[in-house]
Amino acid sequence: MTTTTASVATQPVSQRIAIALKSVSVLYPGHCQALSNVSLEIGAGEFVFIVGASGAGKSTLLKLLTHEESCTSGTIFVEGCDVSGMKVNQIPALRRRVGVVYQNFGLLPDRTVYENVAFAMRVTGAGRREVIRRLPEVLELVGLQSRPDAFPGQLSGGEQQRVAIARALVNRPSLLLADEPTGNLDPETSLGIVELLHDINATGATVLVATHDVAIVDRSARRVLEFADGVLVRDEACGRYGRGVLEDCGEAV
Amino acid sequence: MNINSVGFLLHEGWLNIRRHLWMSLAALATVAVTLMVLGGTTWTAYRIHEIVAQEPEQFNVIDVFMKPATTREETLAVQTALKGNPMVRAVTLTTKEQAWAKLGSSDPTLTTALQDNPLMDRLQVQARSSDKVSQLAHWLKTQKQFPQIMQVNDADYEVGVLMGFAAIVRNIGLAVAFALAAATLLIVYNTIRLTVYSRRRELQIMKLVGATPWFIRCPLIFEGLFHGICGSLIASIALIIAAAQVSRFTQTLHSPLIAHASAAIGPLQVFIFLGLTGALVGLTGSILAIHRFVRL
Ligand SMILES: Nc1ncnc2c1ncn2[C@@H]1O[C@H](COP(=O)(O)OP(=O)(O)O)[C@@H](O)[C@H]1O
Ligand SMILES: [Mg+2]
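Residues numbered from 1 in each chain as written. Chains lettered and ligands numbered in written order. Predicted model: local features only at pLDDT ≥ 70, side-chain atom pairs only at ≥ 80, totals over all residues. Heavy atoms only, no water.

A. The packing of aromatic side chains, seen in detail. Summed over the entire model, instances satisfying the criterion amount to 4 aromatic pairs over all chains. Arranged with centres 6.4 Å apart and planes meeting at 35°, the rings of Phe8 of chain B and Phe215 of chain B form a pair that is tilted. In this pair, Phe8 of chain B sits in helix 1 (residues 3-19) while Phe215 of chain B sits in helix 10 (residues 213-251), placing the two residues 207 residues apart along the sequence. Its relative accessible area of 4% is what places Phe215 of chain B among the buried residues. Put simply, the rings of Phe119 of chain A together with Phe8 and Phe215 of chain B pair up and form one aromatic cluster. Over the ring of Tyr197 of chain B we find Arg200 of chain B; its NZ or CZ atom is 4.2 Å from the centre of that ring. Sitting over the ring of Trp214 of chain B, Arg217 of chain B keeps its end group 4.6 Å from the ring centre. (Phe/Tyr/Trp six-rings, centres within 6.5 Å; stacked < 30°, edge-to-face > 60°. Helix = DSSP H or I, 4+ residues; strand = E, 2+ residues; numbered from the N terminus. Buried < 20%, exposed > 50% of the residue type's maximum accessible area, 1.4 Å probe, protein only. Lys NZ or Arg CZ within 6 Å of the ring centre and 35° of its normal.)

B. Focus on the site of ligand 1. Residue and element names in this part refer to chain A. The local shell around ligand 1 consists of Tyr28, Cys32, Ala34, Ala53, Ser54, Gly55, Ala56, Gly57, Lys58, Ser59 and Thr60. A distance of 2.5 Å is found between an oxygen atom of ligand 1 and a side-chain nitrogen or oxygen belonging to Thr60. Isolated, ligand 1 exposes 560 Å² of accessible area, and the fraction of that covered by the protein chains is 63%. Those elements giving two or more residues to the shell around ligand 1 turn out to be strand 2 (32-43) and helix 2 (58-65). Of the residues forming the shell around ligand 1, the biggest block, 3 residues, is contributed by helix 2. (Near = heavy atom within 4 Å. Polar contact = N/O pair within 3.5 Å; in protein donor to acceptor, adjacent residues only side chain to side chain. Areas by Shrake-Rupley, 256 points an atom, 1.4 Å probe, with all protein chains shown as cover.)

C. A look at the sheet that holds strand 2 (residues 88-94) of chain B. All names here are of chain B. In space, the 4 strands of this open sheet follow the order 2-3-1-4, with antiparallel pairing throughout. In this open sheet, the two edge strands, each paired with only one partner strand, are strand 2 and strand 4 (149-153). Ignoring strand direction, the axes of neighbouring strands in this sheet form an average angle of 20°. (Pairing = 2+ DSSP bridges. Axes fitted to C-alpha atoms, helices over the stretch in contact; angles between N-to-C directions.)

D. Layout of the interface of chain B and chain A. The partner chain A presents 22 residues to the 21 residues of chain B that form the contact. A buried area of about 1,800 Å², summed over both sides, lies between chain B and chain A, and 61% of it is on carbon and sulfur atoms. Contact with chain A buries surface across chain B, with Ile205, Leu208 and Val209 of chain B losing the most and accounting together for 34% of the total. Glu12 of chain B is paired through a salt bridge with Arg111 of chain A; the nearest N and O atoms lie 2.9 Å apart. At the junction of chain B and chain A, the tally comes to 5 residue pairs in polar contact (both at pLDDT 80 or more). Those elements that provide at least two residues to the side of chain B that touches chain A are helix 1, helix 9 (200-209) and helix 10 of chain B. Here the side of chain B that touches chain A takes 8 residues from helix 9 of chain B, the largest share from any one element. (Contact = heavy atoms within 4.5 Å. Buried area = accessible area lost by both parts, 1.4 Å probe. Salt bridge = Lys/Arg side-chain N within 4 Å of Asp/Glu carboxyl O.)

Next up, the structure:
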């Protein structure tokens, strides 16, 4: 007991491992090698871009982390849990600790902003009171505190993505995965979304963003993992979308 | 799963129904009609079976007529001997004098015209059980032990016909009831399939944010139960009213047998029978549909 406490205490928060992949391969039916022999580690609280051409395996990597897909070989650890050897009844608990955001927002069109976000709380067993307490703060975090009664169809793309982010965050996950979150948005709106993701990261959450949006990666100056045909070809602590040195890398890890 | 969640799940189940309200109402109406026919068929089959199975005494009796020349002592000896037969429960003697007196009281002109009593002593032999009747009648007809016996009349043929009829009605009833239950199950199954389709986004989100499989299934199971139970409620009420109408009509026919056969149905029995059937069918339908259409 004492030794455990000591070892945790001596380990800085930023160096705790949030995600660890060891020799992970994914072979889809039809002999499509989506990921081959990928090993990587991501510390808790990091902000990481996953880049690569379409079909490189970015989405597959993110799906592995929520057990939407399972790997053919290798081991995957998320927040210390062995995802690759996980039993089916442990998956809900994993997904409550991992928030996900998609390119197409995935909102329920016949429910308001408030109801969309509340839905994620209620289906994981939260009571009405908890929802009433939590909702205003998460809507304020994404900047939608003034539109709780709007329906998704009445919102701009950027606002819809904010709702999706609020929904992903409402159960306080320690890990946020965003798959092409700006894919449907114009450049300016995209920057707003990325800023929001940075803000969320600043509160301590680990954030992974799969994207092929050059501008946001280059402006952010964060860690970049590049995939090509399922192979991890580049891992830079402070990278840009393409190869090349980024001059302004002061604040990066 | 706490109390808060039960309210939420019921609400989500209701949203499922409202999402395709007209489909739901159509399904509900179909379930109700099917359950009503099922209830009616089962009830009729049960009644017919009951009449034959529970009132067999009237078919159990064999009339044995003695030859006119038989003395009273001989008749009494035959009566005693027959009572000793293991297939026999009771033997009642109606003497020719008693029969004559009875005939005279009901039709005096006939007895006056005949003057002499042409009737015979009659022994009414009651079999121990209805399945022994034909065996006993056969034995009485073929025995050589009592030469005083002139004629043996039994209800063998009628019993056979009635039993056969009852069996046919019951089997057809069971087959129809079974087919109707299967039809109800398919209706519920299809309704849940539609719900799964129209709520695929919700189901997807539930999975992604970490709802447990039971939390995902619950609203769908509620929906199946709703159709089964509401359908059975409607069917029960309709059936009770219909049975009461039939009963009121048959009471006016002055036939105890028909009146008994069509006695009004006990409401509790109907509610329990149809309610359980409806709930079971709704539950099974939704579970099968979930199993088939929801990937958890
Ligand atoms: N469910 C699947 N079944 C078969 N092949 C798939 C499936 N999902 C993705 N793939 C294939 O795996 C490869 C990687 O896909 P993906 O991870 O979606 O790439 P990215 O997100 O980088 O565009 C692609 O070649 C794609 O066609
Ligand atoms: Mg992708």
